[in-house]
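Structural features, examined
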Amino acid sequence: MATINTNFDKLAAGYLFSEIARRTKEFANKNPDIEILRLGIGNTTEPLVPAVINGLAKGVEKLSRVETYSGYGDEQGNLLLRETLGKWYQKRKVFLDPGEIFISDGAKSDSANIQSLFSKDSVIAVCDPVYPVYVDSNVIAGRTGEFSGGKYKGLVYLPCNEENGFFPDLPKRKVDLIYICSPNNPTGAVATKKQLKNFVDFAVKTKAVIVFDAAYFAYISDPKLPRSVYEVPGAKECAIEINSFSKWAGFCGVRLGWTVVPMGLVCKNSPQGKLNMLWNRRQTTMFNGASNIAQEGGLAVLSPKGVSQSQKVVDYYMGNARMIKKTLSKMGLKSFGGDNAPYIWLKTPGNMKSWDFFDKLLLEAHVVGIPGSGFGFSGEGYLRLSAFGHRENIQKAVESIYQNLKI
Ligand code: MLT
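About the criteria used
- Per-chain numbering applies: the sequence of each chain, read as written, is numbered from 1 onward.
- Where totals are concerned, whole chains, interfaces and linings use all residues; where local detail is concerned, this predicted model gives features only for residues with pLDDT of at least 70, and gives and counts side-chain atom pairs only at 80 or more.
- To obtain the side-chain values, all non-hydrogen atoms of the structure were used and water was disregarded.
- Working definition: helices are DSSP H or I runs of at least four residues, strands are E runs of at least two. Numbering for both runs from the N terminus.
- Computation of the radius of gyration draws on C-alpha atoms, with the globule rule given as 2.2 Å multiplied by the number of residues to the power 0.38.
- Three exposure classes are used, based on accessible area relative to the maximum for each residue type with a 1.4 Å probe and protein chains only: buried under 20%, partly exposed in between, and exposed over 50%.
- For the accessible areas, the method is Shrake-Rupley and the probe is 1.4 Å, while residue cover comes only from the protein chains on display.
- Under the counting rule used here, the positive set is Lys and Arg, the negative set is Asp and Glu, and His together with the chain ends is not counted.
- Here the site of a charge means NZ on Lys, CZ on Arg, CG on Asp, or CD on Glu.
- We place a 1 Å grid over just the protein atoms. Points where a 1.4 Å probe fits but has no way out form a cavity, open points with protein on both sides within 12 Å along at least 5 of 7 lines form a pocket, and any residue with an atom within 4 Å of a point lines it.
- Grid points are joined across faces, edges and corners, and a volume is the space filled by probe spheres set on the points.
- Three classes are used, and their members are as follows: Ala, Val, Leu, Ile, Met, Phe, Trp, Tyr, Cys and Pro are nonpolar, Asp, Glu, Lys and Arg are charged, and the others, Gly among them, are polar.
- Each domain's extent was defined by an automatic or database domain assignment.
- Side-chain atoms within 4.5 Å link the members of a nonpolar core, which is a set of buried Ala, Val, Leu, Ile, Met, Phe, Trp, Tyr and Cys residues.
- Contacts are residue-level and defined by heavy atoms, with any inter-residue pair within 4.5 Å sufficient.
- As used here, buried area is the combined drop in accessible area, with a 1.4 Å probe, of two parts when they are placed together.
- The working definition used for a salt bridge is a side-chain nitrogen of Lys or Arg within 4 Å of a carboxyl oxygen of Asp or Glu.
- A 3.5 Å cut-off defines polar contacts: any pair of N or O atoms within that distance qualifies, except that in protein one atom must be a possible hydrogen donor and the other a possible acceptor, and neighbouring residues in sequence count only when both atoms are side-chain atoms.
- Under the pairing criterion, centres of Phe, Tyr and Trp rings, with the six-membered ring standing for Trp, must be within 6.5 Å; the plane angle then separates stacked pairs below 30 degrees from edge-to-face pairs above 60, leaving the rest tilted.
- We call a charge positioned above a ring when the Lys NZ or Arg CZ atom is no farther than 6 Å from the ring centre and deviates by at most 35 degrees from the ring normal.

Once that is clear, we can look at the overall build of the protein. Of regular secondary structure, the protein possesses 13 helices and 15 strands. Against the 2.2 N^0.38 benchmark of 22 Å for 407 residues, the protein shows a C-alpha radius of gyration of 21 Å, consistent with a compact globule. Sorting the 407 residues of the protein into buried and exposed places 55% on the buried side. In the form shown here, the protein has an accessible surface area of approximately 18000 Å², with 55% of it arising from carbon and sulfur atoms. Mean positive and mean negative side-chain charge positions of the protein (50 and 38 charges, respectively) differ by 3 Å.

Structure representation (structure tokens):
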């Protein structure tokens, strides 16, 4: 007799972004004449740049001829792509062997799957608020108790708030895995080298592993801020970096990312090289490699034209972010992030609850945001606005917020 994995029953509610989509649809059905302005999910909207389109087209063209056709590729990814990524890291003085880089179908899958390398009794630390995938994947894997009072039992929450600049203090107890996302989803805060160094030193000392999600690195314009955890000395001993072409180059629907598992990475019962070997084993068993067309696209992103054209799109989204922030500040609303990240973390007026403010914003301004509490206990009293969108829609959204939101 089959039985289900009852850890699924512990999950707090529907997956956050699906729940937002459901509520938005419900509002749209009730109000068919209202134009809804979506600043909710961080989904890219602008077309792929010409250099990348050419790369993807090359990928398709290769499949059309017997001499260049390819079926399954290496599960680890196209070697040329891994070598090119390695060279790209060198610009930040980060030196990686292609064998340390694994191409994936995006950061979301890898950030959910990476926990499978670690023992069931590992103690997990997450920032609070947090990208829900890190939490939910560990809940499903059975590393937590029940959800109660807005928290999962057994999970170590590291509060990120105005007082600590939305970057957590070091854990006060022993933890085994620490998830850090920088630039942060949802708060838009970016860790400094010093802040990361503190965590790296802690992890090295305690043989903990940091899972560093750098999916929004391209939005950092301040040259002093680290775009990769490996810019911090010691990180290769203690950190896995997960990254993506989605937000950098508009690959949300194309699907391509990568994960770095350094040879030097160690934990309690794993000498150098073993975690790399285990991830390789996991991928060869459970993944058949990223799409060969997408990987040609990835190579094109990394070409000089691809890098500069893609950066212009990133700058465009950051123009949206500035516009949103400017309007909020004109209205006397307090917001954070949005300077080196595409997310704006808005303090709700009058300490409103996040979901109440979500409803108010939708009802009065017809704008969709993401309630901060959906990202965790410490997100209560905040709402995330995304800068991904066509300029005209963002314009309409900020005008509507300015004119129609009663505060
Ligand atoms: C978000 O809105 O937080 C992201 O788009 C979700 C994701 O990248 O999976």
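Glancing now at the layout of surface pockets. Taking a probe equal in size to a water molecule and rolling it over the atoms shows the remaining empty space. Reported here for the largest pocket is a volume of approximately 510 Å³. Among the secondary structure elements, those contributing two or more residues to the lining of the largest pocket are helix H1 (16-30) and helix H5 (132-140). Grouping the constituent residues of the lining of the largest pocket by class yields 14 nonpolar, five polar and five charged. Composition of the lining of the largest pocket by domain shows at least three residues from each of domain 1 (13-47 + 312-404) and domain 2 (51-305).

A word on unusual backbone geometry. Of the consecutive residues Asp-128 and Pro-129, the connecting peptide bond is found in the cis state with omega at 10 degrees. Here Pro-129 shows up in the loop between strand S3 (124-128) and H5. Residue Pro-186 is bonded to the preceding Asn-185 through a cis peptide linkage, with omega at 20 degrees. Structurally, Pro-186 is set in the loop between strand S7 (177-181) and helix H6 (193-206).

Bringing the nonpolar core into the picture now. What tends to happen in soluble globular proteins is that the nonpolar side chains get buried as a cluster. Grouped together as the largest cluster of nonpolar side chains are 127 residues, with contacts concentrated most on Ile-178, Ile-210, Phe-245, Trp-258 and Leu-385. If one sorts the elements of this core by residue count, helix H11 (residues 304-330) sits on top with eight residues. If near-sequence neighbours (up to four positions away) are discounted, Ile-210 is found in contact with Ile-178, Ile-180, Phe-199, Val-200, Ala-203, Cys-238, Ala-239 and Ile-240.

Assigned domains within the protein: domain 1 (13-47 + 312-404) and domain 2 (51-305). Relative to domain 2, the C-alpha centre of domain 1 lies at a distance of 26 Å. For the pairing of domain 1 and domain 2, the buried interface totals around 2300 Å² over both sides, and the portion due to carbon and sulfur atoms is 60%. Contact with domain 2 buries surface across domain 1, with Tyr-15, Asn-340 and Phe-375 losing the most and accounting together for 27% of the total. Linking domain 1 with domain 2 are one salt bridge. Note that Glu-162 and Lys-334 form a salt bridge whose closest N and O atoms lie 2.7 Å from each other. Here domain 1 and domain 2 share nine residue pairs in polar contact (both at pLDDT 80 or more) between them.

Inspection of every chain in the model, using the stated rule, returns 26 aromatic pairs. Their ring planes at 80 degrees and their centres at 5.8 Å tell us that Tyr-219 and Phe-388 sit as a pair that is edge-to-face. Placement of the pair is Tyr-219 in the loop between strand S8 (209-213) and helix H7 (235-238) and Phe-388 in the loop between strand S15 (382-386) and helix H13 (391-404), with a sequence separation of 169 residues. Each residue in the set Trp-88, Tyr-89, Phe-217, Phe-245, Trp-248, Phe-251 and Trp-258 is aromatic and connected to the rest through ring pairs, giving one cluster. In this structure, Arg-23 is placed above the aromatic ring of Trp-355, and the distance from its NZ or CZ to the ring centre is 3.9 Å. Note that Arg-384 overlies the ring of Tyr-343, its terminal NZ or CZ placed 3.8 Å from the centroid.

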